[in-house]
Structure formats: C-alpha cells, structure tokens
Amino acid sequence: MLLSFANLTSSEVKGVETFHARRHLLNTCDLSQEEIKSIIKVAASCKQLYLKDLSPIPVLTNKTIANLFYENSTRTRASFELASKKLGATIISLDPKSSSVAKGETIEDTTQCLISMGVNAIIQRHSAAGSADQIAAKLGNKVHVINAGDGANAHPTQALLDALTMSEIKKDLENSKVLIVGDIAHSRVARSNIWLLNTLGADVHVCGPPTLVPQELSKLNVTVHNHLEPALVEADFVMALRLQLERQTQGLIAGLGEYKKLYRLDHHKLTLAKPNVKVMHPGPVNRDIEITSDLVDDLKYSLISQQVSNGIAIRMAVLYLLLSNPENWHGDSIK
Amino acid sequence: MLLSFANLTSSEVKGVETFHARRHLLNTCDLSQEEIKSIIKVAASCKQLYLKDLSPIPVLTNKTIANLFYENSTRTRASFELASKKLGATIISLDPKSSSVAKGETIEDTTQCLISMGVNAIIQRHSAAGSADQIAAKLGNKVHVINAGDGANAHPTQALLDALTMSEIKKDLENSKVLIVGDIAHSRVARSNIWLLNTLGADVHVCGPPTLVPQELSKLNVTVHNHLEPALVEADFVMALRLQLERQTQGLIAGLGEYKKLYRLDHHKLTLAKPNVKVMHPGPVNRDIEITSDLVDDLKYSLISQQVSNGIAIRMAVLYLLLSNPENWHGDSIK
Amino acid sequence: MLLSFANLTSSEVKGVETFHARRHLLNTCDLSQEEIKSIIKVAASCKQLYLKDLSPIPVLTNKTIANLFYENSTRTRASFELASKKLGATIISLDPKSSSVAKGETIEDTTQCLISMGVNAIIQRHSAAGSADQIAAKLGNKVHVINAGDGANAHPTQALLDALTMSEIKKDLENSKVLIVGDIAHSRVARSNIWLLNTLGADVHVCGPPTLVPQELSKLNVTVHNHLEPALVEADFVMALRLQLERQTQGLIAGLGEYKKLYRLDHHKLTLAKPNVKVMHPGPVNRDIEITSDLVDDLKYSLISQQVSNGIAIRMAVLYLLLSNPENWHGDSIK
C-alpha cells in the first residue's frame, strides 16, 4: 500500500490535510514545517514506484493535467509529465510559444480555456514573477495551480526535491549548514530553497560575487558571503546554481575564468567543509564552470542524480496530494 | 450508459447511422438536419464525462488517431487530443512544420504513411482550402478524415460546437436570428456556421466592413450588413469573429480604432438585440477589439467558455460516431 | 498468443535470447543471422496487432521509454511512439533542440538525467556518428539504447524493417540480388542494410555517381556500380535512397536533370531486372527524382507502404525483446 497513510504520524496527517486544503503549490514561503515533512514522506513512498519499475497506479485516472511551459525546459516538463503518467492521469503538454498566446491571449484567458476543457491542474512555467499566483488568485477555485517556475520568484518543487534529497542523507535538517553558491539574486531555485530551509530550521548561507549576491539578501534570513572559502567551513550541503549566462546582462561577472577561480566547487575547496559534505546542483550543470567535472561524477560527494530522481517523486506526491480525494488516501495502493 | 442510444429518437438513430456511413467530417454544407441534431445529442452525453471528472471510457482503445496540424493551434489541437484520450484512443500529435513535409512530401504521401502505420483517423488542419477533401477523396477508404480547418473553407467541428452551445440556450434554432460579426470573407468559422445554421433553419445575418463582408456573400443565403446597429435588432445570438490581423493584407480595414468604433460588441450596442441575447466567439479573443473585455466576462451574455467545453464534447461525439463499431453503440457505457 | 514463443524454432529461441542479452540495438554489423531471423519472426507476429486494430497489449506497462531525437524526423519518431504505445509502455518525447541540450549539456548528462527519472530505454537520433555507441558504452548498464540513426553510420531498425519486407516476398534472402541506388557514401540506411544483407547471405550491389558511390565502398563487401543498367540485371530487389539535398555539399551531383536521367528508377529501366523485381525506398520519397511517381504507386512493384507498416512491427519486436522479461515470453498474449 504505497500511498496508504497508515504509516503517517498524526502531525504528518495534519500536514497532508493542510496541503490538500491549500489547493495550489505556488511557492515555499508559506508552507509549514508539517506540510513540508509530510510531502517528503509521501514522496519517499512514490519513489519506489519508478525505482522498482512498477506500472502506473490508477489513482488520478479521472484527472486531466496540463503542462503549460511558456519558458523552455526539458527536465522539469518531462519530470511532471512522467509523474502525472505514473499516477494514471491524462496529461497534455501545450507549447504556448507557438500558439494562441503568441496571438496575444492573456494567461488568465488561456487558463480559463483549459478549465473549460476540463483540465483539473495547470503546471505553469512563465518568465513573469507572480504569474502563478496571478492565475491562482483569479481562477484558483476552478483549477489547481502548480508553479513550475515564475521568473526569479519561486520554483517550489525544486526546493522540495532538494529537501527530500538532503533528508535522505540527514534525517533532520535542523541546524544543518546549507551553502548555496552562485547567482542568488536572479535565482528562483535559491529563493525557494531559502524559504523552505529556513522553515525546517537549517542554517542557510549564500555565496557569490557581490553583483549576484548583494548584502541585502540577508533580509531573507541567510548569511551572505562573497568569499567561498570561509563560507564552506562546516557546511553539510553545498548547492551550486547554474550560471544562467543567457539571463544575465553584461557586466555582472568579471569573466568566466575569474568566476571559476573564485566560486567553482572542486575537491580541494571542499576539504574546508564537513568531511561528509554533499554537493548538489539543480541541473543542467555547466561542467567545469559551477563544479569541476570530476566532482560532478564523484558519487562520494555528488547528489545530482538523486535530485533528478527525487524530482519525479516530489511531483508525484504534490499532484497526488493536491488532486486526489482524501477519502481514497487510505485505500490507494500500488499492488 | 452515457453512449447508449436507447434515448435517441428514430430520426436521431437515422442521423447517427448516416453520419457514420459518411466516414469523414469535411464540412457542414452537406450534413443533414438529422445528422447535425444527432451529433449534438450524442455530444451532450459526452459532455458529462469531463464535467464530472470521469475516467476515460475504453470505447476506442483499438483505434489510433493522428493530429496533423500544418497550421499552429493550441486550442483545437488540445481539444481533439483530450477528446481522443477520453475515449481511450491512442493519439499521436505530429508537427509537420518540422518534418518530412518540410522536405517536400505531398499531403497524400504523408497520409498514406500514417495509414501504413495503422492510423485510423487523421485530424488535419492545413492552410489550403480543400486539402481535407483532397485526402478523403484519394485515401478515404482507408482512413477517416476530420477537417480541423482548411484555409478559408471550413471548420466543421467549430460550427457543430457553436450549434450545441446555442441549442443549450434555445432548444430549436429554427427562425432564431444569428448575427456573425467580423471578417466573414476570410473565415472558415463563418462559412461552416452559415451552412450549418441554414440547414437548421436559422435566420443568419453577417456584418462587417464592405471589404470583409461584401454583398456577394448573400449568395450563401445570409442577410448582409455593413452597419452593426440595424444588424443587431432582434438578434438571439451574436457571434464575433477573431480579427485575424496576421492573415489580412494591408488595407482591408481602415484601422483598429475605426473597426472598434463600428463593429466591437459592447453592452450598449447589445441593447438593440433581444433582451436575452447571447454573445459568442470562437477564441482566442482579442479583448477590446472584437468584444469589450467587460462583455467577454459578463456571464449573463457570454457563452465563450461553454463553447470551449462543448468543443471537447462535439469532438468526442464525432470521433466516436465515425470510428466506433455501430454494433457496440448500444452497449458502450461509462460506468 | 501473439507473442508466445511456442512457434519459434530452437535457433530462433537462441536468437531472441542472444539479442535480449545484448541490451542495445546500435547497428546491424554485429547482429548474427540467428538474431536477425528471430527479430523478423517476432515482428511478423507484432504486425497483426495494428493490422487488425487490436488494443495495446499490456506487456511493457512498467517500462518508460524516451524518444530523444536531436535531428528532426516525423516518421521514425512516430513509428517508435506508436510501437511503444501498442506495447503499453509509458513514452515521453523530448525535443532536445529547444532544451537543456541547447544550453550545452553533453549527451551523457542528458542520458544520465533520463536514467535518474526512471527511463528504461532511450531511442536516440543524433547527427554524430557513434553517438549511440557512446552512451551505450558509458551508461548502457543502466538503460537500453536504441539507435534511431547516428550521422552517416547506422539506422538498424530501418535495415531490419527492410529485411522483414523482403522476407515477406522471398522467404530466404540467401543469394537474392539486392541493389541499392543513390547516395551510398552518406547513407546510414545503406550502411545498415549492407551489413545486415551480407549477414543473411544476399548478393548486395550499390549504384550511383562516383562522387556518391566510390569504388572504395567495395570494402563493405558489395559490388560497386556507377551505371544503373548493368547493375539492374537479375536484381530481386531495388532500393532507392532519398537524395538528401540538404546534406550534400555543392558539386557532388552534376544536377538533378542529369541524376534523374542516369539513376531514377522507372518502369522501363526495371525491365532489365528480374520479372518479379520489387522496388523499395526508406521514405519520404522525392517523387520523380529517385523513382518515377508512377512506379511509386504501382503496387505490382512498390513495397514502400509495406516498409512503413513493417517499421512499426520491427520496432515493437525490438522494444519487446530488449525490455521485457524473458520469463514472460511464453505467457504474453494479446487476447
């Protein structure tokens, strides 16, 4: 009984009920510790489904889900598609770039159109920060909205999968030191992770050049560093962000050579961290820019592949908890 | 028993049989009143399937359907995809723009290729008027052809869904006054609606600037107007067309401001029509160009969302009636 | 019991077991005669599935397959997609051109990402010769790799479907004369066919202008011709290749008129071959360039549509034999 809730604590039961009642996953800043832990618990069950090559479980066969990616993404889109299919849902992937939207339709009108087609959940990625909140506010009583990235604002399933990955190493993240390295200012991944990790009681640090990691980020309740070496000291987890060359205006970094020298993770720099430190990256990695190629492949340190696997698990859990009928939670099984 | 035909009249039974024997849906000009009414009746049953969030019904699991859209479309393509999936069919969506067709293959050869792959039905949108008829004439004994729009010629499922939508308001459309406003001359939506509405005995009027609505359109058995106010008098339904800016050569409209002043639907102009007049649009709407934004959202008048919902229902009905085995019609059920 | 192996000879049983143990289909040069014949035998069974409009058989419901086409292709991609769906597998189609790969990710990292997502098989087309071998060598213990075309190197499912097609005409291809006409030097289709046909004991000839069919091709154990008429004498099968105008550098052919005069297949030239000679083409055909339009459509000679049908059958057989559990081979059935 993979998705049976018999093995949830009463706090976790409360967590899944609160999350279900929320109807949407827009960001991580207002998720409670209970909700986060219960999503992670359910995701750990879901993980068995594809690790063991099991057939899809027919728990969402009566639901229709739309992938609506206004920005390109193979990984996240494929991850949501597989998660949906493994739960038996009907999923359609729309390509708004070559469609009505190109003809000037508003995102509310596109959403309303999908609702009218019987779509129960919209997984949206959009370049505008706040766009997921916008459609949830206007049409959220008729459709579940899952934010798959909105501008530099939030990417909640990424933060949840990162937390699942870390919790597989260290059961309780309270007081764990997590260091995020790279372009924090423009990163929705960083922002969602910071919110979530703070809720879990982790000690969050960020590091990068002052142009990408300004002091004002300390408002997010993180310790701000511009030098990597001191930031690494005693770190349990180091998460490198992708250097989004295409999103940056000229002049924010002095040059790739300089960036690599100062901020690229390698085996040598890691000796400053805890001996069992783990390295993470949301992918796709620019090998030898954010992390040395050797370190990416060193499974003693690198959790990058687990992050991808856990992406499916988290998305299954989120879709299941938001879309399914709680009355079935005790009975849904995979066998 | 959603798709049981127990509740069809003998005239409707004859309609579905005639339509099934036709094998294709190419346009609305030769559909009989019997056929139209029976498709609408079956579609009304299909509508329950997604409105009630039911799982797909396994009535076309042994059929393969190909979406072949030579022109971009999110809505129509997604609508056919969902309709196919809700009937349990296998559907593949091809993107001919980036494929063999770009290499100069004829539409007959592409069709033959799909037939050889075991495809049972082709849903085709193409910029050339007559292209659906062309493949039906050459290969129609081996595959069902459903025209999803061919140039300025026909878009039959749109007209059928519009008729279903109107019939939900007014059971019998005979003598209802339907006014279509906009670029009639270049519109396959208008053409298919005019044919179908005339068959149902409606009183069809069209209105727009003389460049887009020339007097010669009266040959289609419609009353031609170039002034909106007198056209609106006593109208039961007013259907605005999308102003296809991208398809128009320069000079057909004096300017957007002028167009909006003369032809944009708004609450004030609607007072000329019947008190319970309804407003329709095939979507996507250019808000404040064809219709004021307020009117689009005013559910007292606007049927636009119902049109989208009914699109799924009509496409399910059309696919079911053309592809399924009539021997099963009495037994297929959703429960 | 479509996929029961009760009707296999002991040699064919050995063939399917050898092929299953191989884990990948990368090319045809190292496939044994036993393997080839057993794949063809299983494919002939699979063919009934779509020819008879049967529902998908649930033999790979617990498998996830990824279509990863770095080069455009409608036919091959759709063929693999349908083959996967007809076996009940979950399939996702990725478009690497508009995704992470465009961001500079290596093919190994993309493959690893898919493996982490639980993908069991990758169907890859890529412009680089050797790219399928490359990922199989590095990650082949974790995923099945099926080469759907790598540069000018190999396209093994095409050669297998061609062999199935020929074997439907002539049960044993030993000593059959097969002539391949066109741009042999740049063709993965030609290369895969030559390897496979030699293994089956066929007498393989190639023909085309010296720039496209140099004498050095005789190293591949084929008879090289630069004049079509003598090459056609006594041929059992003549396979024309698509003239890949887009792939050729200027100057390799004197001109289309000259090429057509010398190398285009037509009814008249075919009188030099065996009376029951058959004509093949991997598609899409440039009508009247490689073959006259009349000959393409003359079913006395043309096997082109059968080739497309057999593409689905071969791909079903390959996916089934590589991905399924041999313990189930005796029990899997379609009814």
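Residues numbered from 1 in each chain as written. Chains lettered and ligands numbered in written order. Predicted model: local features only at pLDDT ≥ 70, side-chain atom pairs only at ≥ 80, totals over all residues. Heavy atoms only, no water.

Draft legend 1. Structural view of the packing of aromatic side chains. Per the counting criterion, the structure on display carries three aromatic pairs over all chains. Both rings, one in A:Tyr259 and one in A:Tyr263, keep their centres 5.5 Å apart while their planes meet at 45°; by these two values the pair is tilted. Of this pair, A:Tyr259 and A:Tyr263 are both found in helix α9 (residues 256-263), four residues apart, which corresponds to roughly one turn of the helix. Note on A:Tyr263: relative accessible area 6%, which makes it buried. Over the aromatic face of B:Phe80 sits the side chain of B:Arg315, whose NZ or CZ is 4.9 Å from the ring centroid. (Phe/Tyr/Trp six-rings, centres within 6.5 Å; stacked < 30°, edge-to-face > 60°. Helix = DSSP H or I, 4+ residues; strand = E, 2+ residues; numbered from the N terminus. Buried < 20%, exposed > 50% of the residue type's maximum accessible area, 1.4 Å probe, protein only. Lys NZ or Arg CZ within 6 Å of the ring centre and 35° of its normal.)

Draft legend 2. Spotlight on unusual backbone geometry. That bond from B:Gly283 to B:Pro284 is cis: its omega, -10°, falls within 30 degrees of zero. In this structure, B:Pro284 sits in the loop between β9 (278-280) and α11 (293-297). The backbone of A:Arg23 shows a phi angle near 75°, a positive value even though the residue is not glycine. Mapped onto the elements, A:Arg23 comes out in the loop between α1 (10-22) and α2 (33-51). With a phi close to 70°, B:Glu234 is a non-glycine residue in the positive phi region. Looking at where B:Glu234 falls in the secondary structure, it is placed in the loop between α8 (228-232) and β8 (237-240). On the basis of relative accessible area, B:Glu234 is assigned to the partly exposed category, the value being 46%.

Draft legend 3. How the structure looks around the relation of the copies chain A and chain B. Once chain A has been moved 0.0 Å along the axis and rotated by 120°, it coincides with chain B to within an RMSD of 0.0 Å. One copy is carried onto the other by what is essentially a three-fold rotation axis. When C-alpha positions in chain A are compared against the rotation axis, the closest is assigned to A:Ser93, at 6.2 Å. (Least-squares fit on C-alpha atoms with pLDDT ≥ 70 in both.)

Draft legend 4. Spatial organisation of the domain arrangement of chain A. Residues and elements named next belong to chain A. Per the domain assignment, the segments of chain A are domain 1 (10-155 + 309-328) and domain 2 (156-305). Between the C-alpha centres of domain 1 and domain 2 the distance comes to 26 Å. On the domain 2 side, the residues contacting the 34 residues of domain 1 number 24 residues. Carbon and sulfur atoms supply 62% of the area that domain 1 and domain 2 bury against each other, a total of about 2400 Å² over both sides. When residues of domain 1 are sorted by the area they lose upon contact with domain 2, Thr28, His155 and Asn310 head the list and together hold 26% of the total. Taken together, domain 1 and domain 2 are joined by two salt bridges. Linking Lys47 and Glu168 is a salt bridge whose minimum nitrogen-to-oxygen distance equals 2.8 Å. (Domains from an automatic or database assignment. Contact = heavy atoms within 4.5 Å. Buried area = accessible area lost by both parts, 1.4 Å probe. Salt bridge = Lys/Arg side-chain N within 4 Å of Asp/Glu carboxyl O.)

Draft legend 5. Region of the structure containing the interface of chain A and chain B. Listed by partner, the interface residues are 22 residues for chain A and 23 residues for chain B. Across the chain A/chain B interface, buried area totals approximately 2000 Å², and carbon plus sulfur atoms make up 50% of it. Inspection of the region where chain A meets chain B yields three salt bridges. Note that A:Lys63 and B:Asp53 form a salt bridge whose closest N and O atoms lie 3.2 Å from each other. Scanning the region where chain A abuts chain B turns up 12 residue pairs in polar contact (both at pLDDT 80 or more). For the side of chain A that touches chain B, the elements supplying multiple residues, two or more each, are β2 (90-94) and α4 (107-116) of chain A. By residue class, the composition of the side of chain A that touches chain B is six nonpolar, 11 polar and five charged. (Polar contact = N/O pair within 3.5 Å; in protein donor to acceptor, adjacent residues only side chain to side chain. Nonpolar A, V, L, I, M, F, W, Y, C, P; charged D, E, K, R; others polar.)

Draft legend 6. Seen up close, the interface of chain B and chain C. Each partner contributes to the interface: chain B provides 22 residues, whereas chain C provides 23 residues. Together chain B and chain C conceal approximately 2000 Å² of surface at their shared face, both sides included; 51% is due to carbon and sulfur atoms. At the junction of chain B and chain C, the tally comes to three salt bridges. Mapped onto the side of chain B that touches chain C, the elements with two or more residues apiece are β2 (90-94) and α4 (107-116) of chain B. Grouping the constituent residues of the side of chain B that touches chain C by class yields six nonpolar, 11 polar and five charged.

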